[in-house]
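# Breakdown of the fold
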Amino acid sequence: MPVVRRVTLVGRSGALALTAALLGGPLAAQLPEAEAAFNRGAYAVARAGYERVLATDSLNERAQYRLAVLDSWDGKLSRSLARFARLRRRAPLDVDLMVAHAQVLAWDGKTGASEALYDSALAHAPNRADALAGRARAVAWGGDLERAERLWRAALAQHPDAAEVLLGLAQTLYWKGQPALAESYATRARAVAPEDRAARELERAVRAALRPQAATAVDGATDSDQNDFIAQDGSYTASLGTALRGTVRAGWRRATAPGLAGTSYGGGGTLIAALGGAAVLRGGLGARHIAPDLGQRRTVLTGELGVGFRPARDAAVSVGYSRSAFDETARLMGLPLTLDAVDVSVDLSPGAGWAVSGGGGPTWFSDGNRRLAAVGAVLGRVLPGLQVGPFGRVMGYRPFNSGTGYFAPDRFAVIEGRGVYVWQRNGWGFRGDGGLGSQQVFSGAAWQVEWHLGFSLSRGWGADNEIALVGSITNSAAATNAAQVRSEAFRYRTLGLRFRQGL
């Protein structure tokens, strides 16, 4: 399923406006310094001031409210929610507190509780724009995009010039895979609030999703068994309607090994259609011609079919089938092999800085081999830009066919500790990843040390233009299908250049 860029609909600037509206009236005499610091954006100074107020007056509601807001902005959502709960016990019917509390509940992923609290606020103030928008947003983040769209449109009927409502409807339509419809509402939101950063970023993202895009990649790899290849792939993508996008692609590969060489090339097309809700359908057909220097030439029909959907705000599921040629190395090009594979993948983000992924499925080889594989990973943020966690992969072939000439163990397993570091600034980006663990090749074999290192250095401009240099080195037996037996001396290296340009 396409990667979706989420734009926060109510950021710090929106919360500032909400705070000013909520607090109104003359400032309490004991709070002028903290309030002045808050209003000029000196939030650390303001926090210290409010803490001093509570040290002498633990029931001061204004200081508690300000600290609840500051905690939510700093990502301390549990502390913020605890403060709001204490405030609302003293003023359970205060609509302003209901709305602010519900917003933080949504940020914390408690979308059901957030929606219920917004409903309570609307029971007292049915036309309140921020409550209408907050409820629709909570429903959208909960994964029910169809209902969220209805709620946004109902809110828009009552508040046709509310930038937050226009932006929310545009965002929901964008998540539904309807960028053409989203564009008009994003443009209206920009006209109403030209300085709003969220509106500006969403408009750029929507327009980037609509315009044609060309991409190309050059990749090369080598290993310690002297299996080498160089490949080039290119694609062109364009919108074919409000809910349909198409891609045509072509690629070429030249592979060599001691005493062997071969070339393969081909192309095809893919269509991605929005099905409504949060689902998309993907389908494609193509062909690949394989021409070994020694051996029979052949053309393989390739294709794919899959569906992806988002059952919740931070969850994505994809199920797909693919048919492809098995032409990674020169030896494989000389064998009449094709692959039919079914793959299921799940990606979750259960909290800020956390990522959980898993997947797997069967693969059928035309020589009679069958493979089952599964993979899983958990990453958690430990420092800004740095995530660490465990990674595991297991696969096995049945029936085991060792005479075909490619890596086909009856069982392969690896478990490692993995780290990922991401840095971005002024259009430049760097991503580094590494892992250290243990692998077993063939059941009953000794476990070996396994490791990998990878990097990506990129330069982006505009909404979707980028050039990137990528590379990696590993001793993992799963890196290539080149040989039957692996040793600790095995190495696999890759280097590639990626270019993407919106037209």
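In this text, all values refer to a predicted model and were calculated from it rather than measured experimentally. (Residues numbered from 1 in each chain as written. Predicted model: local features only at pLDDT ≥ 70, side-chain atom pairs only at ≥ 80, totals over all residues. Heavy atoms only, no water.)

### Quick look at the overall build of the protein chain
Helices and strands together make up the secondary structure of the protein chain, namely 13 helices and 16 strands. Overall, the protein chain is about 90 × 50 × 40 Å in size when its C-alpha atoms are taken along their principal axes. Buried residues in the protein chain amount to 45% of all 503 residues. In the protein chain, once contacts between residues fewer than 6 apart in sequence are set aside, the share between residues at least 24 apart is 52%. Averaging the coordinates of the 57 positive side-chain charges in the protein chain and doing the same for the 44 negative ones gives two points 1 Å apart. (Helix = DSSP H or I, 4+ residues; strand = E, 2+ residues; numbered from the N terminus. Buried < 20%, exposed > 50% of the residue type's maximum accessible area, 1.4 Å probe, protein only. Contact = heavy atoms within 4.5 Å. Lys, Arg positive; Asp, Glu negative; His and termini not counted. Charge placed at Lys NZ, Arg CZ, Asp CG, Glu CD.)

### As for the pattern of salt bridges
Using the criterion set out here, one finds 21 salt bridges in the structure. Here Asp 327 ties to Arg 288 by a salt bridge, and the two come within 3.2 Å at their closest N and O atoms. Taken as a pair, Asp 327 in the loop between strand S7 (315-325) and helix H13 (330-333) and Arg 288 in strand S5 (residues 279-292) lie far apart in primary sequence, 39 residues in all. Each member of the pair, Asp 327 together with Arg 288, is buried. When salt bridges with common partners are traced through the structure, they connect Arg 47, Glu 51, Asp 71, Asp 74 and Arg 83 into a single cluster. (Salt bridge = Lys/Arg side-chain N within 4 Å of Asp/Glu carboxyl O.)

### Considerations on the pairing of strand S2 (residues 228-241)
If a strand is regular, its side chains alternate between the two faces of the sheet. Taken together, the 10 bridges between strand S1 (residues 213-223) and S2 define a ladder with antiparallel strand orientation. Within S2, the position partnered with Ala 215 by the bridge is Ser 235. From the end of S1 to the start of S2, which pair antiparallel, there are 4 residues, and Gln 226 there has a positive phi angle of about 65 degrees. Across 13 bridges, the pairing between S2 and strand S3 (residues 244-257) is antiparallel. Note on S3: the bridge partner recorded for Asp 233 is Gly 251. Taking the residues that link successive antiparallel strands as the turn, the S2-S3 hairpin has 2 residues. (Pairing = 2+ DSSP bridges.)

### Some remarks on the confidence of the model for the protein chain
Confidence in the prediction for the protein chain averages 85 pLDDT; 90% of positions are at 70 or higher. Counting contacts from residues 1-29, a segment whose pLDDT is below 50, to residues more than four positions away or on other chains yields 64 contacts. (pLDDT = per-residue confidence, 0-100.)

### A few points about the layout of surface pockets
Roughly 930 Å³ of internal volume is contained in the second largest pocket. Listing elements by their share of the lining of the second largest pocket, those giving two or more residues are S1, S2, S3, strand S4 (260-276), S5, strand S6 (298-312), S7 and strand S16 (492-502). Counted by class, the lining of the second largest pocket contains 13 nonpolar, 16 polar and 10 charged residues. (1 Å grid on protein atoms, 1.4 Å probe; cavity = no way out; pocket = protein on both sides within 12 Å on 5 of 7 lines; lining within 4 Å. Points joined across faces, edges and corners; volume = space filled by probe spheres on them. Nonpolar A, V, L, I, M, F, W, Y, C, P; charged D, E, K, R; others polar.)

### Some words on the packing of helix H4 (residues 61-73) against helix H6 (residues 95-107)
For the pair H4 and H6, interaxial distance at closest approach is 11 Å and the crossing angle is 20 degrees. With respect to each other, H4 and H6 are oriented roughly parallel. The interaxial crossing formed by H4 with H6 has left-handed handedness. Here H4 contributes Tyr 65, Ser 72 and Trp 73 to the contact with H6, which in turn contributes Leu 97, Ala 100, Val 104 and Trp 107. Tallied by class, residues from the contact of H4 with H6 come to 6 nonpolar, 1 polar and no charged. (Axes fitted to C-alpha atoms, helices over the stretch in contact; angles between N-to-C directions. Parallel < 35°, antiparallel > 145°, perpendicular 65-115°, else oblique. Left-handed = near helix turned anticlockwise from the far one by under 90°.)

### Some remarks on unusual backbone geometry
Positioned with a positive phi, Asn 426 is a non-glycine residue whose angle comes to about 50 degrees. Relative to the assigned elements, Asn 426 resides in the loop between strand S12 (412-425) and strand S13 (428-441). One non-glycine residue, Phe 442, lies in positive phi territory at about 80 degrees. Note on placement: Phe 442 falls in the loop between S13 and strand S14 (448-461).

### As for the packing of aromatic side chains
By the definition in use, this model includes 8 aromatic pairs. A ring pair is formed by Tyr 43 and Trp 73, whose centres lie 5.3 Å apart and whose planes are at 80 degrees; its orientation type is edge-to-face. Remark: Trp 73 occurs in helix H4 and Tyr 43 occurs in helix H3 (residues 43-56); sequence separation between them is 30 residues. The exposure class assigned to Tyr 43 is buried, which follows from its relative accessible area of 18%. Relative to Phe 365, the ring of Phe 326 has its centre 5.5 Å away and its plane inclined at 70 degrees; by these criteria the two rings are edge-to-face. Placement of the pair is Phe 326 in the loop between S7 and H13 and Phe 365 in strand S9 (residues 354-365), with a sequence separation of 39 residues. In textbook terms, an aromatic cluster arises when at least three aromatic residues are bridged by ring pairs, as seen for Phe 38, Tyr 43, Tyr 50 and Trp 73. Above the ring of Phe 229, the side-chain terminus of Arg 253 is found at 4.1 Å from the ring centroid. (Phe/Tyr/Trp six-rings, centres within 6.5 Å; stacked < 30°, edge-to-face > 60°. Lys NZ or Arg CZ within 6 Å of the ring centre and 35° of its normal.)

### Describing the nonpolar core
One broad trend across soluble globular proteins is that nonpolar side chains are buried collectively. Core analysis: the largest hydrophobic core is formed by 67 residues, its most contacted members being Tyr 50 and Phe 84. In terms of residues, this core owes the most to one element, H6, which gives 10 residues. Beyond its immediate stretch of four places on either side in the chain, Phe 84 contacts Tyr 65, Ala 68, Val 69, Leu 97, Ala 100, His 101 and Val 104. In this structure, Phe 229, Ala 325, Met 333 and Phe 490 belong to the second largest nonpolar core, which totals 12 residues. (Core = buried A, V, L, I, M, F, W, Y, C linked by side-chain atoms within 4.5 Å.)

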